[in-house]
Amino acid sequence: MKKSLQRVALLFAVGGFVGDVVAMALGPRAIAWYHTPGLGQALCQCEDVTRETAAWIIKLQLVATVGGGALFVVVGVIGSLVWRRRSQAAALALVSPSPPADSGG
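The sections below set out a description of the structure shown in this document. (Residues numbered from 1 in each chain as written. Predicted model: local features only at pLDDT ≥ 70, side-chain atom pairs only at ≥ 80, totals over all residues. Heavy atoms only, no water.)

## Looking at the overall build of the chain
- In terms of regular secondary structure, the chain is built from two helices and zero strands.
- Classification of the 105 residues of the chain by burial places 12% in the buried group.
- In the chain, the share of contacts with a sequence separation of at least 24, taken over all contacts with a separation of at least 6, comes to 88%.
- Carbon together with sulfur atoms contributes 71% to the accessible area of the chain, which is approximately 8,700 Å² in total. (Helix = DSSP H or I, 4+ residues; strand = E, 2+ residues; numbered from the N terminus. Buried < 20%, exposed > 50% of the residue type's maximum accessible area, 1.4 Å probe, protein only. Contact = heavy atoms within 4.5 Å. Areas by Shrake-Rupley, 256 points an atom, 1.4 Å probe, with all protein chains shown as cover.)

What follows is the structure, encoded as structure tokens:
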């Protein structure tokens, strides 16, 4: 139980890191697109836009970290189960009795 919990924690941490890197790479363009007015002209109050943009970056990083972590946990757990079942099937194939050889007589 402890080992599987450690595996889930590690997968979540790695996935969260990957999600955060993706958010940092794609975030500025996504936020710029989201905040661009329909006419493409920026007539705004800069202080409010700055606060809102900073809040959006934090939210985006949080969502990407949690999403990436959850995705890695799901993929890791499913992959681990598939790997274990394949290993067990291969082990059973080695020890299962073979059909009796026909003596042909």
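There is more to say, and it comes next.
## Examining the side chain of Ser 80
- Mapped onto the secondary structure, Ser 80 falls in helix α2 (residues 46-95).
- There is a polar contact of 3.2 Å between the side chain of Ser 80 and the side chain of Arg 7. (Polar contact = N/O pair within 3.5 Å; in protein donor to acceptor, adjacent residues only side chain to side chain.)

## Looking at a nonpolar patch on the surface
- On the surface, Leu 10, Val 14, Phe 17, Val 18, Val 21, Val 22, Met 24 and Leu 26 cluster together into a nonpolar patch covering about 710 Å² of accessible area.
- In this fold, Val 22 is placed in helix α1 (residues 2-35).
- The exposure class of Val 22 is partly exposed, given its relative accessible area of 42%. (Patch = residues over 30% accessible without salt bridge, like charges linked within 9 Å, V, L, I, M, F, W, Y side chains within 5 Å. Salt bridge = Lys/Arg side-chain N within 4 Å of Asp/Glu carboxyl O.)

## Remarks on the environment of Val 8
- Structurally, the position occupied by Val 8 is in helix α1.
- The exposure class of Val 8 is partly exposed, given its relative accessible area of 30%.
- Sequence separation of Val 8 and Val 77 is 69 residues, and the distance between their C-alpha atoms is 7.6 Å.
- Excluding its chain neighbours within four sequence positions, the residues that come into contact with Val 8 are Val 73 and Val 77.

## Some points on the environment of Phe 72
- Tracing the sequence through the fold places Phe 72 in helix α2.
- For Phe 72, a relative accessible area of 29% puts it in the partly exposed group.
- The sequence separation of Phe 72 and Val 18 amounts to 54 residues, and the corresponding C-alpha distance is 9.2 Å.
- Residues contacting Phe 72, with those up to four places away along its chain left out, are Leu 11, Val 14, Gly 15 and Val 18.

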